Amino acid sequence: MPRLPRNRTPQSFNSSSHQRGFTLIELSIVMAIIGALVAGAMSAYKVVIVEKYLTTTNDRLKEIQEAMVRFKAGSTNGRLPCPAKMHLPPGDPAFGVEDVNIGGGDTCSTPSPTPALTDTVRVTNGASSSTPNTVRIGVIPVKTLGLSADHMTDSWGHRFFYAVSEKLADGSATYTPNSGAGAITLLDSAGTPIGPVANNTDFVIISTGKTGQGSITVAGNNFPAACPAATPEGENCDWGAPDAIFVDRTYSEAATPALHFDDYVRHTLDNTGGGGGGGGAMWIDDLLDGISDRATTRSNVFLGDGSGVLTTPGGVKGISNTAAGIDSLSANTDGSYNTAVGRDAL
């Protein structure tokens, strides 16, 4: 058999000499590119999820607002609803029902001397000039308001807290929004009471936000993350040792507890101090622009007399000093308002 030349190999042996794989450097570059693409996609996904949660929570708050307006219009002397008991499970017959003495003046029921977890809580605000200066704390009375059980919680599954000045939930007296009869203290980022008449907010509704510290779950249990003591958020969830002080300040995801604040707060402001319209519409929307309008300057926003005209305490039409930069609103025939950021109702 003839020998092959030493410098020649069969074609079948030689074909592999023209093939090579990726080097480690090339693989590293490819992996880095893939990692960057995945990270970008995850970031975008997180933004979409956050927006979805904010939108859902805002929609529920808006529907609660509308239901409270309807309740006020049809109730004895236009009173506000009393809160529902905080920890009742969804299957309980009293779940989502206002804790009220029907026929007994339509006043909020007297809680136990030492409130059980299933009770609402009554506190006295010594700083308020309202008489009486008692405040009732509980959750949204969704059944009483004709709402679904979903409206008991925000989009993170935490029950909304609802605090109301008891005088304004009393059917024996006429409720006038923003009339100075409220007994709630609401503080801004600087720790200053919001409104020209301090310590006289009518009611507040609070979502404890994404962290849910100190909140109550869908099932009616205490949320694992306890209410943070001696912090701004702690003022909004301290129903275990309650007071009538709540906070609505600049949104912050800071790691420091004293600076962190992801609660969402809705409330009324008392505008009797500046002649801007005594009766006042009953609602302030703090989600006009998602998060960007949540600042201390928002305490300078006041609603007018409910006639479709917005006023400031000095009687100037429009809105002033908002962090979102809105300098005017136009009224619709149905009493809602068009804003520069696209919200159509306050």
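Keep in mind it's a predicted model, so treat the numbers as computed, not measured.

Focus on the pairing of strand S3 (residues 121-124)
- Residues Val121 and Val123 of S3 are buried on one face, while the alternating residues Arg122 and Thr124, pointing to the opposite face, are not.
- When S3 meets strand S4 (residues 134-139), the two strands line up antiparallel, connected through 4 bridges. Residue pairing across strands places Arg122 opposite Arg136, the latter belonging to S4.

Let's talk about the sheet that holds S3
- With antiparallel pairing, 5 strands are arranged side by side in an open sheet as S3-S4-S5-S7-S9. The sheet is open, and its two borders are formed by S3 and strand S9 (264-267), each paired with just one other strand. Here the average twist between neighbouring strands, direction ignored, is 20°.
- In terms of strand pairing, strand S7 (residues 203-207) meets S9 through 4 bridges, oriented antiparallel. Bridge pairing in S9 places Ile206 opposite Val265.

Details of a nonpolar patch on the surface
- Together, Val30, Met31, Ile34, Val38 and Met42 make up a nonpolar patch on the protein surface, roughly 460 Å² of accessible area in all.
- The residue Val30 is located in helix H2 (residues 24-74) in this model.
- Among the residues examined, Val30 registers a relative accessible area of 42% and is labelled partly exposed.

Here's the deal with the environment of Tyr175
- On the secondary structure map, Tyr175 appears in the loop between strand S5 (161-165) and strand S6 (185-187).
- A relative accessible area of 3% places Tyr175 in the buried class.
- In sequence terms Tyr175 and Lys72 are 103 residues apart; their C-alpha atoms lie 8.5 Å from each other.

Here we look at the environment of Ala244
- The topology assignment puts Ala244 in the loop between S7 and strand S8 (245-247).
- Note on Ala244: relative accessible area 1%, which makes it buried.
- Once the C-alpha coordinates of Ala244 and Arg136 are considered, the two residues, 108 residues apart in sequence, prove to be 8.6 Å apart.
- The residues touching Ala244, leaving out its near neighbours within four places in the chain, are Val123, Asn125, Val135, Ala183, Ile184 and Thr185.

Things to note about the side chain of Thr201
- By the secondary structure assignment, Thr201 is in the loop between S6 and S7.
- In this structure Thr201 touches Ser165, Gly182, Ala183, Ile184, Leu186, Ile194, His267 and Thr268, once residues within four positions along its chain are discounted.

Things to note about the packing of aromatic side chains
- Enumeration according to the criterion identifies 4 aromatic pairs in this entry.
- With 6.2 Å between their ring centres and 5° between their planes, Trp156 and Tyr264 make a pair best called stacked. Placement of Trp156 in the loop between S4 and S5 and of Tyr264 in strand S9 is noted, with a sequence separation of 108 residues between them.
- Both rings, one in Tyr162 and one in Phe203, keep their centres 6.4 Å apart while their planes meet at 70°; by these two values the pair is edge-to-face. Taken together, the residues span a long stretch of sequence, with Tyr162 in strand S5 and Phe203 in strand S7 at a distance of 41 residues. An identical accessibility class is assigned to Tyr162 and Phe203; each is buried.
- One aromatic cluster is present, formed by Tyr53, Trp156, Tyr251 and Tyr264 through successive ring pairs.

The rules behind these values
- Residues numbered from 1 in each chain as written.
- Predicted model: local features only at pLDDT ≥ 70, side-chain atom pairs only at ≥ 80, totals over all residues.
- Heavy atoms only, no water.
- Buried < 20%, exposed > 50% of the residue type's maximum accessible area, 1.4 Å probe, protein only.
- Helix = DSSP H or I, 4+ residues; strand = E, 2+ residues; numbered from the N terminus.
- Pairing = 2+ DSSP bridges.
- Axes fitted to C-alpha atoms, helices over the stretch in contact; angles between N-to-C directions.
- Patch = residues over 30% accessible without salt bridge, like charges linked within 9 Å, V, L, I, M, F, W, Y side chains within 5 Å.
- Areas by Shrake-Rupley, 256 points an atom, 1.4 Å probe, with all protein chains shown as cover.
- Salt bridge = Lys/Arg side-chain N within 4 Å of Asp/Glu carboxyl O.
- Contact = heavy atoms within 4.5 Å.
- Phe/Tyr/Trp six-rings, centres within 6.5 Å; stacked < 30°, edge-to-face > 60°.

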